[in-house]
Amino acid sequence: MDRVSQELMEYLAEAMNHPDVSGFELIEILDIRSQLAAREPVLSDDDKAALETLDRQFLKLADLWLTRISEVADLAQMRKKAHVLPSHWWWYLDEITMRKREAIG
Amino acid sequence: MTRKHEILPPEERAKLLDALHDIRKTVQWKPGKDILHLKKRQKMKHLTLSASLLDYHEVISALIENERNIIYLYEFKGTHYYAVRGFIDEKEWLVIFGTSGVMETAFPPENIDHYLEHRGFVPLGRIEEVLKWTE
């Protein structure tokens, strides 16, 4: 893995361990995940597997992250402002959480 | 052209000045959040593992005290937050705090320009300019 991707992965991994900080910080982690997405073509299969593990961890925390972020921002508006790609699912925590709640009933 | 101070009505300008004065007096966090943020800064290597809360507060105070630093406004659901950006040891930090001067966070974003631009932070000017609004 190249140095920048490694640093971003480490940053993301460590951030996962600290979800209980200000939503302002969590929003930055969404940016970091987007930066990693742009580097996915140069990641090895092992790196991609490591990223998938982080993504699964992230999804488990979706509710908590959404709560924190919603205290300071509207994700739908953020997506619009940042011209977020539809494939960048981590920016859709609101919709993911809503679907999850609907599925649970 | 709208002058920078006209972005905020007089009562909101007064709130910003109060918040600035408050945070310059004491760095205050929401209950229990100070240690959480310090631990994260250490783990993310933004501060050394041996850094204390006092060290973290010194970073925050240095950023707020430097009147050349730029202050931004961020609004969400009618609540105003303020952000000050500035360098400490070649690393650019962002301090975000609320209307009562209570800390939201202080961290060095990976890409501070991208962060501020895409989140809707509005630059108000240098701290020294904002402080002159009372004159």
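On a predicted model such as this, the values are computed, not experimentally measured, just so you know.

Asker: Can you walk me through the side chain of B:Lys33 in this structure?
Answerer: Tracing the sequence through the fold places B:Lys33 in helix α2 (residues 33-43). In this structure B:Lys33 touches A:Asp20 and A:Arg68, once residues within four positions along its chain are discounted.

Asker: How should the interface of chain B and chain A be read in this particular structure?
Answerer: Often, the extent of an interface is quoted as the loss of accessible area on bringing the components together. The interface of chain B with chain A comprises 26 residues on the first partner and 25 residues on the second. Overall, the association of chain B and chain A removes approximately 2200 Å² of surface from exposure, summing both partners, and the carbon and sulfur fraction of that is 58%. Linking chain B to chain A there are 4 salt bridges. Of the charged contacts in the structure, one is a salt bridge between A:Glu25 and B:Arg41, with a shortest N-O distance of 2.8 Å. Linking chain B to chain A there are 11 residue pairs in polar contact (both at pLDDT 80 or more). Among the secondary structure elements, those contributing two or more residues to the side of chain B that touches chain A are α2, β2 (70-76), β5 (102-107) and α4 (112-119) of chain B. For the side of chain B that touches chain A, the element with the highest residue contribution is α2(B), accounting for 7 residues. Of the residues belonging to the side of chain B that touches chain A, the class tally is 11 nonpolar, 7 polar and 8 charged.

Asker: When you look at the nonpolar core in this model, what are you seeing that I'm missing?
Answerer: Across soluble globular proteins, nonpolar side chains show a tendency to be buried alongside one another. In this structure, A:Trp65, A:Ile69, A:Trp91, B:Ile96, B:Tyr115 and B:Phe121 are the most contacted members of the largest nonpolar core, which totals 46 residues. In terms of residues, this core owes the most to one element, helix α2 (residues 23-39) of chain A, which gives 8 residues. Not counting the four nearest positions on each side in its chain, B:Phe121 is found in contact with A:Phe24, B:Tyr72, B:Leu73, B:Tyr74, B:Ala83, B:Ile96, B:Tyr115 and B:Leu116. Core analysis: the second largest hydrophobic core is formed by 31 residues, B:Leu20, B:Trp29, B:Ala51 and B:Leu63 among them.

Asker: Would you mind going over the packing of helix α1 (residues 3-16) of chain A against α2(A) with me for this structure?
Answerer: Pairs of packed helices are described in terms of their axes, by the angle between the two and the distance that separates them. Residues and elements named next belong to chain A. The interhelical angle for the contact between α1 and α2, taken along N-to-C directions, is 145 degrees, at an axis separation of 10 Å. Both α1 and α2 take part in a crossing whose hand is left-handed. Residues Val4, Ser5, Leu8, Met9, Tyr11, Leu12 and Ala15 of α1 touch α2, and the partners they reach there are Glu28, Ile29, Ile32, Arg33, Gln35, Leu36 and Arg39. Each residue belonging to the contact of α1 with α2 can be placed in one class, and the counts come to 9 nonpolar, 2 polar and 3 charged.

Asker: Help me understand empty space enclosed by the protein, please; the structure alone is not making it clear to me.
Answerer: Space left empty within the atom packing is revealed by a probe, the size of a water molecule, rolled over the atoms. Residues and elements named next belong to chain A. Applying the stated criterion to the full structure yields 1 cavity of 30 Å³ or more. Estimated volume of the largest cavity: approximately 40 Å³. Listed by contribution, the elements that provide at least two residues to the lining of the largest cavity are α1, α2 and α3 (45-60). Per element, the largest residue contribution to the lining of the largest cavity is 3 residues, and it comes from α2. Across the lining of the largest cavity, the residue classes tally to 6 nonpolar, no polar and 2 charged.

Reading guide: rules and limits
Residues numbered from 1 in each chain as written. Chains lettered and ligands numbered in written order. Predicted model: local features only at pLDDT ≥ 70, side-chain atom pairs only at ≥ 80, totals over all residues. Heavy atoms only, no water. Helix = DSSP H or I, 4+ residues; strand = E, 2+ residues; numbered from the N terminus. Contact = heavy atoms within 4.5 Å. Buried area = accessible area lost by both parts, 1.4 Å probe. Salt bridge = Lys/Arg side-chain N within 4 Å of Asp/Glu carboxyl O. Polar contact = N/O pair within 3.5 Å; in protein donor to acceptor, adjacent residues only side chain to side chain. Nonpolar A, V, L, I, M, F, W, Y, C, P; charged D, E, K, R; others polar. Core = buried A, V, L, I, M, F, W, Y, C linked by side-chain atoms within 4.5 Å. Buried < 20%, exposed > 50% of the residue type's maximum accessible area, 1.4 Å probe, protein only. Axes fitted to C-alpha atoms, helices over the stretch in contact; angles between N-to-C directions. Left-handed = near helix turned anticlockwise from the far one by under 90°. 1 Å grid on protein atoms, 1.4 Å probe; cavity = no way out; pocket = protein on both sides within 12 Å on 5 of 7 lines; lining within 4 Å. Points joined across faces, edges and corners; volume = space filled by probe spheres on them.

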